[in-house]
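Chain and residue survey
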Amino acid sequence: MPVSAIVMLIFGCVVLYGGLIFCLRRAIKSSRRSERR
Amino acid sequence: MEERERWGSRAGFVMASIGAAIGLGNVWRFPYICYANGGGAFLIPYFVALLTAGIPLMILEFALGRKTQTGAPSAFFQVTKGSEWIGWLSLFAVMLIFLYYPTIMAWSVNYAVYSATLKWGADTQHFFHNQFLQLSGGPEILGGIRWPVLAGLAVVWIAIYLCLFKGVKAVGKVVMWTVTIPWVILIIMVVRGLTLPGALDGLKFYLTPDFSVLLKPNVWLAAYGQVFFTLSLAMGTLIVYSSYLPKKSDISNNAYITSLANCGTSFFAGFAVFSTLGYLAQSMGVGVPEVTQSGFGLAFVTYPMVIQLLPFWAPFFGVLFFIMLLTLGIDSAFSQVEPFVAGFIDKWYFSKKWVLPSVCTFGFLVGVLFTTRGGFYWLDIVDYFTCTFGLCLVGFLECVTIGYIYKARKIREYVNEVSEFRIGKWWDVMIMIVTPAILGISFVWELVKLIQHGYGGYPRWISFIGVGIIALIIVLSFVLMKIKGKEE
C-alpha cells in the first residue's frame, strides 16, 4: 500500500478514535467527580 | 398530562443517539463516497464538515431539546410561536423516511434467511431485481405486492413497536445491544476481509489520497452532505432524545462522543467493504473500480456475490452480514418513529398507548406501497426528495431561527452552563453563517440539477410529484401549527 494511504489511515484513526477516547475519558472523569460529590 | 419520561443513564442516552446516527448509510454510503471523492484526501473535507456543520448542529439540537424538555414542534414553539411549523416539518420529513426505511430492512430480513442456502446463486443482480423484487417496468406500474417483502415489513414494524412501547428507559437498554452487535460483527467482517487475497488492493483504492480533488467544490458539498445525513440531523430525533435528559446533563461532550463514534464507525466499515471488494475484484480478474458500488447495489448485489465466493463458512458470513444490517437499521428506524409520536403527545397530550400503535400501523400500511413490484422506484424517489430537499430545508431553517431570531449566543451560554467542554464564539459563526450557507448552496445546487436533468432518468412528472410531496408537508406543518394544543 502506498505511504500516502498509510498516512491518511493514521490521520483518520488519530482524529476519530483519538478524539473519541479523549471525550469518553472526560465524560467518565466527570461522572466519577459528580458521584463523589 | 403524563410525567415526562427520563433516560435510565447518560450511557443510555449517548448509545441511543449513536444508534440513531449509525445506520445503513455508514456501511453502504460512506466508503463509496470516500473512494469516489479522492480516497484518503476526502477525510480532510469530511473532518472540516464535521467540525463546522455536523457537531455545531448536533449541539444546537441537543441544547434545544434539553432546554425546552419537549419534542421538536413544541421546542420551536417555545423558541418563537411562529416557528412551530419548522418542528412539524422536521417530523413530516422523518415520517417520509420511516415510511420507506423499514422496507430496506424487510429486504435484509429476507436476505438473512436466503443466506443460509445462498439462494441468490451466481447472478446476484438478476436474483435481486428479477427474482426477489420482480421489478416492474417503472414507477407508474406498481404490479402487485411482493409477499416475502411484505412479511419482512410486518416483522420489522412489530420489532419497532416492541422496542418503543415500554418507553425510553427500555430504549436505553435495547440500544446497548443494537449498537454493540453491529460493531462486533463489523470487527469479524474486517478481520475476515483483511485475511482474503486481494484485500490490500481494495484498501489502496479506499485510502490512497488524491489531493487535487480538494479544489473541486462538489467534493466539499459531498463531504457536507455525508456529515449532515449521517448524524440524523434535522429529523427531530436528537431534539426529542435530549428532551428526556434530566436537568443538569452535559450537552457538548455528548455531541462530540456521538459524532465521533458515528464517523468512526463509517471509517471502520470502509475496511470491511473495500477489503472484500479487493477480494472480489481479484477473484473475477477485474479492477476494484469495476466491482465498486454503493447503496442497495453494494448490500444486495455485490456483497452476496462476495459471500458466494468465500472459500469457507459462506452461509455463516452471509447471515452475519444481514444481521449486521438489521441491527444497524433497527435503532435508526425506531429513532425516526419516536420524535413523530412525541410530537403529538407533547402538543395534545395524547396517550402513548394509542399514538404509538396508530403510527406503527399507519407506517406499515403506507409502507405496503414500497413492497410492490414498482415499490423499489418509489423508495428511491421518496428517499431522494426527502433527504436532498426536505432535510436540507429543515436544517437551514433551524440555523436561521435559532441563530438570528432566538440568538445563537443565548444557546451557547446555556450549553456552557451545563457542559464538560465550553464552546466559543466560533459556534455562533457556524450556526449563523457557515452551516446555513452550505445547506442553502446545496439546496439550490440540487434544485438546479433537478430542473435541468430531472432525477435518476425517471420521467419529468416524477420531479413534480417529488416537489409536490415536499410542498404538501410544508402545508401540513402550517395546518398542525394552527390547530391549538392543550396548553394554548
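The present account deals with the structure reproduced in this document. Predicted model, so just to flag it, every value in this text is computed and none were measured.

**Re the state of the cysteines**
All names here are of chain B. Scanning the model with the defined rule gives zero disulfides over all chains in all. A disulfide-free cysteine, C360 has its sulfur positioned 10 Å from the sulfur of C163, the nearest such atom. In this structure C399 is not part of a disulfide, and its nearest cysteine sulfur, from C392, lies 10 Å away. Given the relative accessible area of 0%, C399 is considered buried.

**A short note on the pattern of salt bridges**
Residue and element names in this part refer to chain B. Evaluation of the coordinates by the stated rule reveals nine salt bridges over all chains. The salt bridge involving E5 is made with K352; its shortest N-O contact spans 3.5 Å. Note that E5 is positioned in the segment before α1 (10–21) and K352 in helix α17 (residues 352–367), a separation of 347 residues in sequence. For E5, a relative accessible area of 28% corresponds to the partly exposed category. With a closest N to O distance of 2.6 Å, E420 and R10 form a salt bridge. Residue E420 is located in the loop between α18 (375–418) and α19 (426–453), and its partner R10 is located in helix α1; the two are separated by 410 residues in the primary sequence.

**Digging into the interface of chain B and chain A**
Tallying the contact residues gives 25 residues for chain B and 20 residues for chain A. Overall, the association of chain B and chain A removes approximately 1,900 Å² of surface from exposure, summing both partners, and the carbon and sulfur fraction of that is 82%. Summed over the three residues of chain B that lose the most area to chain A, namely B:F47, B:L260 and B:E420, the buried surface amounts to 28% of that side. The tally of links from chain B across to chain A stands at zero salt bridges. Scanning the region where chain B abuts chain A turns up four residue pairs in polar contact (both at pLDDT 80 or more). Mapped onto the side of chain B that touches chain A, the elements with two or more residues apiece are α4 (43–68), α10 (199–207) and α13 (252–284) of chain B. Of all the elements, α13(B) adds the most residues to the side of chain B that touches chain A, at ten residues. Of the residues contributing to the side of chain B that touches chain A, the split by class is 18 nonpolar, four polar and three charged.

**Examining the nonpolar core**
Soluble globular proteins: nonpolar side chains tend toward being buried together. Counting 189 residues, the largest nonpolar core has B:W107, B:F128 and B:F300 as the members making the most contacts within it. In terms of residue count, helix α6 (residues 84–115) of chain B provides more of this core than any other element does, 23 residues in total.

**Quick word on a nonpolar patch on the surface**
Taken together, A:M1, A:I6, A:I10, A:V14 and B:L200 make up a surface patch of nonpolar side chains, about 460 Å² in accessible area. Here the nonpolar patch gets three residues from one element, more than from any other, and that element is helix α1 (residues 3–36) of chain A. With respect to the element layout, A:I6 can be found in helix α1. On the accessibility criterion, A:I6 (36% relative accessible area) is partly exposed.

**Details of the environment of B:W313**
All names here are of chain B. Structurally, W313 can be placed in the loop between α15 (295–309) and α16 (314–348). Of the residues examined, W313 reaches a relative accessible area of 57% and is grouped as exposed. When the C-alpha atoms of W313 and R66 are compared, they prove to be 48 Å apart, with 247 residues separating the residues in sequence.

**Details of a positive patch on the surface**
On the surface, a cluster of positive charge is contributed by A:R25, A:R26, A:K29, A:R32, A:R33, A:R36, A:R37 and B:K248. With respect to the element layout, A:R37 can be found in the segment after α1. Assessed through its relative accessible area of 77%, A:R37 is described here as exposed.

**Brief notes about helix α7 (residues 124–132) of chain B**
Residue and element names in this part refer to chain B. Within α7, the full set of buried residues consists of T124, F127, F128 and F132. Viewed end-on, α7 has its buried residues packed into an arc of 95 degrees, placing them on one side of the element. Each element contacted by the buried residues of α7 is listed here: α6, α8 (147–164), α15 and α18. After α7 finishes, the residue Q134 shows a positive phi value of roughly 50 degrees.

**Focus: the packing of aromatic side chains**
All names here are of chain B. Overall, the coordinates contain 66 aromatic pairs over all chains when judged by the stated rule. Consider the rings of W28 and F296, whose centres lie 5.5 Å apart with planes at 85 degrees: the pair is edge-to-face. Highlighted residues: W28 in helix α2 (residues 24–28) and F296 in helix α15, separated in sequence by 268 residues. F296 matches W28 in its accessibility class, with the two residues each being buried. The lysine or arginine in question, R192, covers the ring of F312, its NZ or CZ lying 4.7 Å from the ring centre.

**With respect to the packing of helix α5 (residues 72–79) of chain B against α6(B)**
All names here are of chain B. Interaxial distance between α5 and α6 falls to 6 Å at its minimum, and their mutual angle equals 160 degrees. Comparing the axis directions of α5 and α6 gives the class roughly antiparallel. In terms of crossing hand, the pair formed by α5 and α6 is right-handed. Residue-level inspection shows A72, P73, F76 and F77 of α5 in contact with α6, the latter providing E84, I86, G87, W88, S90 and L91.

**Some thoughts on unusual backbone geometry**
Residue and element names in this part refer to chain B. Positive phi values are uncommon outside glycine, yet L118 reaches one of about 50 degrees. The class of L118 is buried, set by a relative accessible area of 17%. Of note, Y349 is a non-glycine position whose phi angle comes to about 55 degrees, a positive value. By the element assignment, Y349 lies in the loop between α16 and α17. For Y349, a relative accessible area of 23% gives the class partly exposed.

The rules behind each value
- Residues numbered from 1 in each chain as written.
- Chains lettered and ligands numbered in written order.
- Predicted model: local features only at pLDDT ≥ 70, side-chain atom pairs only at ≥ 80, totals over all residues.
- Heavy atoms only, no water.
- Disulfide = S-S within 2.5 Å.
- Buried < 20%, exposed > 50% of the residue type's maximum accessible area, 1.4 Å probe, protein only.
- Salt bridge = Lys/Arg side-chain N within 4 Å of Asp/Glu carboxyl O.
- Helix = DSSP H or I, 4+ residues; strand = E, 2+ residues; numbered from the N terminus.
- Contact = heavy atoms within 4.5 Å.
- Buried area = accessible area lost by both parts, 1.4 Å probe.
- Polar contact = N/O pair within 3.5 Å; in protein donor to acceptor, adjacent residues only side chain to side chain.
- Nonpolar A, V, L, I, M, F, W, Y, C, P; charged D, E, K, R; others polar.
- Core = buried A, V, L, I, M, F, W, Y, C linked by side-chain atoms within 4.5 Å.
- Patch = residues over 30% accessible without salt bridge, like charges linked within 9 Å, V, L, I, M, F, W, Y side chains within 5 Å.
- Areas by Shrake-Rupley, 256 points an atom, 1.4 Å probe, with all protein chains shown as cover.
- Lys, Arg positive; Asp, Glu negative; His and termini not counted.
- Charge placed at Lys NZ, Arg CZ, Asp CG, Glu CD.
- Arc of directions from axis to C-beta.
- Phe/Tyr/Trp six-rings, centres within 6.5 Å; stacked < 30°, edge-to-face > 60°.
- Lys NZ or Arg CZ within 6 Å of the ring centre and 35° of its normal.
- Axes fitted to C-alpha atoms, helices over the stretch in contact; angles between N-to-C directions.
- Parallel < 35°, antiparallel > 145°, perpendicular 65-115°, else oblique.
- Left-handed = near helix turned anticlockwise from the far one by under 90°.

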